[in-house]
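Residues per chain, in single letters:
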Amino acid sequence: MRSESHKKTKMKSFSISTPSSFKFWPTVYSHGWCDLRPFQIDKTAEHIDTVLRLSDASFCAVRMREAKNGIRVTLQTPETMASGQCAEMKQIILSMFRLTESMDKFYERARKEPAFRWVAASGGGRLLRSQSVFEDVVKMVSTTNCSWALTKIMTDNLAVMLGPEVAEGKHAFPEPSAIAAQSESFMRKEIRCGYRAPFLLEFAESVASGRRAVEQWRDWEGTTEELFKEMRSVKGVGEYAAGALMKLLGRYEYLGLDSWCRAKFYELHSRGKTVSDAKIEKHYVSFGKWRGLFLWMDVTHHWFSQKFPF
DNA sequence: GCGTCCAGGTCTACC
DNA sequence: GGTAGACCTGGACGC
């Protein structure tokens, strides 16, 4: 009886306590995802909004800000929800901010390297991810072979045109079935995803039909190589996209090099001169299973001097 | 304002 | 296994 009445308690906000190694803004700005819907940042008010989808098919637009010992989450629309729903939201946010993973071993390794001693104190290494693996894959495909401006256009269009509107201007990311139901022409002309349209449609259909259980990738029991191979079997997911996606699943053996990473590496380690990918691989090989994350820390080190680096 | 060129990953066909 | 060309868009640039 007591637990039943507890479940029905309505809540307007809740807090998430975090380990001392966690830093809110460096995690938000760990890579470009915070710039893509449904995330929306207000730099003046210093908060980040998003829209969460719950297992009972309800939605909630939430506002998250840095708090003394963690994250403060305030419900926007609806303004209150049952405590059980808030508990589910808390689990989703923990996963998005990578608070379900221990970074102790990574920080231990970083402290041994003079060039990376700054990492632990700066709260680096937790890479923000979407609520779902499906959303991460769609976004990653949308980053391939185009400018960041076009990636933003594609993800904006997906959320606004196909994602449910929870509050004015606040849309959840679309479900696989919502994308799968579109025509290739709509995806090309309206979403502006061009030649990626058939790739995204095929992927969305495979997830919506249950043929591809992508959400299980976060609990993958096979080897890292097998997971990488599984990702590469998605059309539109090449070496870069799969490598970058692996990092969002807590596996850092692949570098996930794109042109931006390469350019930054050349600037930092070869006086601007182009070198082969093999040479870049060699540079980080001593970091073992953490090499992909050390590469990312290396090329984004300059971001950590500002609260809002982009 | 218009046309041209380039950058950006991945796929496919071909050698 | 390696390579070339196609895919498509926004942005930069020249006129």
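Quantities reported herein were computed from a predicted structural model and do not represent experimental measurements. (Residues numbered from 1 in each chain as written. Chains lettered and ligands numbered in written order. Predicted model: local features only at pLDDT ≥ 70, side-chain atom pairs only at ≥ 80, totals over all residues. Heavy atoms only, no water.)

## Concerning the protein's contact with DNA strand C
Stage number 1. Close to DNA strand C lie Ala149, Leu150, Arg188, Arg192, Gly194 and Tyr195.
Stage number 2. Counting only the atoms of DNA strand C within 4 Å of the protein, the fraction contributed by sugar and phosphate is 95%.
Stage number 3. In the environment of DNA strand C, a phosphate oxygen lies 3.2 Å from a nitrogen or oxygen atom belonging to the side chain of arginine 192. (Near = heavy atom within 4 Å. Polar contact = N/O pair within 3.5 Å; in protein donor to acceptor, adjacent residues only side chain to side chain.)

## Some details on the pattern of salt bridges
Stage number 1. Enumeration according to the criterion identifies 17 salt bridges in this entry.
Stage number 2. Here arginine 37 makes a salt bridge to aspartate 156, at a shortest N to O gap of 3.2 Å. Of this pair, arginine 37 sits in the loop between helix H2 (24-28) and strand S3 (40-42) while aspartate 156 sits in helix H7 (residues 148-162), placing them 119 residues apart in sequence.
Stage number 3. Accessibility expressed as a relative area gives 17% for arginine 37, which makes it buried.
Stage number 4. Judged by its relative accessible area of 28%, aspartate 156 is partly exposed.
Stage number 5. When salt bridges that share partners are traced, they join Asp49, Arg63 and Lys170 into one network. (Salt bridge = Lys/Arg side-chain N within 4 Å of Asp/Glu carboxyl O. Helix = DSSP H or I, 4+ residues; strand = E, 2+ residues; numbered from the N terminus. Buried < 20%, exposed > 50% of the residue type's maximum accessible area, 1.4 Å probe, protein only.)

## Digging into the protein's contact with DNA strand B
Stage number 1. Within the structure, DNA strand B sits among 16 residues, and Asn145, Gly236, Ala241, Asp258 and Ser259 are positioned closest to it.
Stage number 2. What you see for DNA strand B is that sugar and phosphate hold 59% of its atoms within 4 Å of the protein.
Stage number 3. Asparagine 145 places a polar main-chain atom, nitrogen or oxygen, 2.5 Å from a base nitrogen of DNA strand B.
Stage number 4. Among the elements that make up the surface near DNA strand B, the one with the highest residue count is helix H12 (residues 239-247) (three residues).

## Brief notes about the packing of aromatic side chains
The description of an aromatic ring pair uses the distance of the two centres, along with the angle that the planes make with each other.
Stage number 1. According to the stated counting rule, one finds 25 aromatic pairs in the structure shown.
Stage number 2. Between phenylalanine 134 and phenylalanine 173, the aromatic rings sit 6.5 Å apart at their centres with planes inclined by 65 degrees, giving edge-to-face as the arrangement. With phenylalanine 134 in helix H6 (residues 133-143) and phenylalanine 173 in the loop between strand S9 (170-171) and helix H8 (176-180), this residue pair connects regions lying 39 residues apart in the sequence. The two residues phenylalanine 134 and phenylalanine 173 agree in class, both being buried.
Stage number 3. Considering the side-chain rings of tyrosine 252 and tryptophan 290, the 5.6 Å spacing of their centres and the 20 degrees angle between planes classify their relative orientation as stacked. Placement of the pair is tyrosine 252 in the loop between H12 and helix H13 (259-269) and tryptophan 290 in the loop between helix H14 (277-284) and helix H15 (291-300), with a sequence separation of 38 residues. We note that tyrosine 252, like tryptophan 290, is buried. (Phe/Tyr/Trp six-rings, centres within 6.5 Å; stacked < 30°, edge-to-face > 60°.)

## Describing the sheet that holds strand S5 (residues 59-67)
Stage number 1. In spatial order, the strands read S2-S6-S5-S4-S3; together these five strands make up an open sheet with antiparallel pairing. The sheet is open, and its two edges are formed by strand S2 (13-17) and S3, each paired on a single side. For this sheet, the mean inter-axis angle between neighbouring strands, taken without regard to orientation, is 30 degrees.
Stage number 2. Relative to strand S4 (residues 47-53), S3 runs antiparallel, the two sharing three bridges. Note on S4: the bridge partner recorded for aspartate 42 is histidine 47. (Pairing = 2+ DSSP bridges. Axes fitted to C-alpha atoms, helices over the stretch in contact; angles between N-to-C directions.)

Spatial relationships are all this shows, so hold off on functional conclusions.
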